[in-house]
Amino acid sequence: MNAHDTAPVPPPGCPAHGSGARVPLHGPEFAADPQAYYEYLRHYGAAAPVELAPGVEATLVTDYAAALQLLQDSGSFRKDARRWRAFNEGKVGPDSPVAPLLAYRPNCMFADGADHIRLRQAVTDSMARVDTRRLSRSTEQISGYLISQFAARGSADLLGDYAKQLPLFVFNELFGCPADIGDRVLFGISGMFDGVNAEKATAVLFQAVGELVALKRRKPGDDVTSWLMRHEAGLDDEEMVHQLALLLGAGAEPLRNLLGNTLHRLLTHERYAREGGLIDEAIDDTLWENPPMANYAPHYPAADTELAGQHLEAGDLVLVSFAAANTGPTLKASRQAGSNRAHLAWSAGPHACPSKEPARHITVTAIEHLLNELPDVQLAVPEDSLTWRPGPFNRALATLPARFTPARSSRRAEPLSAGAPAERDKATGAARPTERNGMWSQFLNWLTR
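Residues numbered from 1 in each chain as written. Predicted model: local features only at pLDDT ≥ 70, side-chain atom pairs only at ≥ 80, totals over all residues. Heavy atoms only, no water.

- Identification of the chain as Cytochrome P450 from Streptomyces lienomycini is taken from an unreviewed UniProt entry.

See below:
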């Protein structure tokens, strides 16, 4: 047997098959079976050459120990995307489909050193002020509204009708968005991640967030935007806009995927239906095996270096595969020993997710409320007919069709909180004309019926 006989074979349908090319993390083949790709990539060692989109090259870290080393070594590996050599040399253009999630913006995710510490502390402190009781009330209220839109039909797409919308609605409430601004925030975030008029959607989002900052400068409230604005870090208007856009985008899309992937798990694994009461366990299993952000955490070596024996040049784009690291051999023993939280789904190091507890709380509350309202909900199509959205970063279903006994959803018994959106609109003088058709406006109108 020679070396050629033992060479790894790319997954069926992989365009890299037999070509020696980088392994593509885009297209339907990767979306359909990413674990087959990760297994193949492990043959390269701790890191592997991949393609994120046509012509966009990167190194993907698939090993748990190497991923931790990268995430925790902020001296050798930097986050400032202005170091990205391929982008600076024009090999990757701003119109690339992956540019919106990789190109530099002046926020804490793309900052290093003292700038990162200042911006990150402002975000962390502001998010820490979110009261869990208020979060539960708002999540239940929004869940009730969304369910009321489809409960009587006896069927729904739990992605498009529920998981996609709920995080955006919750964040609009937490951030104190009045009707008009909230409508445009929802349009902007949805368009950016769905790839529908992404350039226009991005412009709409930043315009709306800019107006929200101006509104809160004039009339602060009891919300994350106002807390962030009053933080001792002293963020200026531009910094405010970029931190808020980051929180809305980087929070809503992964939370949408976590909610959708956990619902998928609950509906397709008989054990959860049989035993019941296992929402927390289903979330943990999802974070291990199907994390909402499969491959991300972009970093750039500050100088030519080595990572677990792999040579990297300064300015190379290096990503972490949370999904591959979680399911690799290193963590198998840890998980079998009962360590449910050792996974990397929330990342690690100085740039780890600052909102994992609120995200988990929202997910548990939203799923509990859905199952209480629709106790016999089940998948409406064969599991193998479900499709996953293509793309290198997110792990997300395209749709999750479900059926259930038609029900009349329960109505709210009390307002969201003392700072409910309807009351804030009145206090700030924000108009709420009944003819508005945006999703957030419709929800605010529903609250006051």
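### Quick word on the packing of aromatic side chains
Consideration 1: Taken as a whole, this structure holds eleven aromatic pairs when the rule is applied.
Consideration 2: On the numbers, 5.5 Å between centres and 20 degrees between planes, the contact of Trp-84 with Phe-87 is stacked.
Consideration 3: Among the aromatic residues, those joined into a ring-pair cluster are Phe-30, Tyr-37 and Tyr-38.
Consideration 4: In this arrangement the basic side chain of Arg-82 is found over the ring face of Tyr-104, its NZ or CZ atom lying 4.0 Å from the centre.
Consideration 5: Note that Arg-395 overlies the ring of Trp-388, its terminal NZ or CZ placed 3.7 Å from the centroid. (Phe/Tyr/Trp six-rings, centres within 6.5 Å; stacked < 30°, edge-to-face > 60°. Lys NZ or Arg CZ within 6 Å of the ring centre and 35° of its normal.)

### Section: the nonpolar core
Consideration 1: Core analysis: the biggest nonpolar cluster contains 133 residues, and Leu-52, Leu-102, Tyr-162, Leu-166 and Phe-175 have the highest contact counts within it.
Consideration 2: Setting aside its immediate chain neighbours within four residues, Leu-166 contacts Thr-139, Ile-142, Ser-143, Leu-146, Leu-259, Ile-362 and Ala-366. (Core = buried A, V, L, I, M, F, W, Y, C linked by side-chain atoms within 4.5 Å. Buried < 20%, exposed > 50% of the residue type's maximum accessible area, 1.4 Å probe, protein only. Contact = heavy atoms within 4.5 Å.)

### Here we look at the pairing of strand β3 (residues 56–61)
Consideration 1: β3 sits mainly inside the fold: five of its six residues count as buried.
Consideration 2: Across six bridges, the pairing between strand β2 (residues 47–53) and β3 is antiparallel. Looking at the pairing, Ala-53 lines up with Val-56 of β3.
Consideration 3: As consecutive antiparallel partners, β2 and β3 are separated by two residues, and within that stretch Gly-55 has a phi angle of approximately 85 degrees, a positive value.
Consideration 4: The pairing of β3 with strand β9 (residues 318–321) spans three bridges and is parallel. Across the sheet, the residue bridging to Thr-59 is Val-318, located in β9. (Helix = DSSP H or I, 4+ residues; strand = E, 2+ residues; numbered from the N terminus. Pairing = 2+ DSSP bridges.)

### Digging into the environment of Ile-117
Consideration 1: Among the secondary structure elements, Ile-117 is positioned in helix α6 (residues 113–128).
Consideration 2: Look at Ile-117 and you get exposed, because its relative accessible area is 57%.
Consideration 3: Ile-117 sits 234 residues away from His-351 along the chain, and the two C-alpha atoms are 9.9 Å apart.

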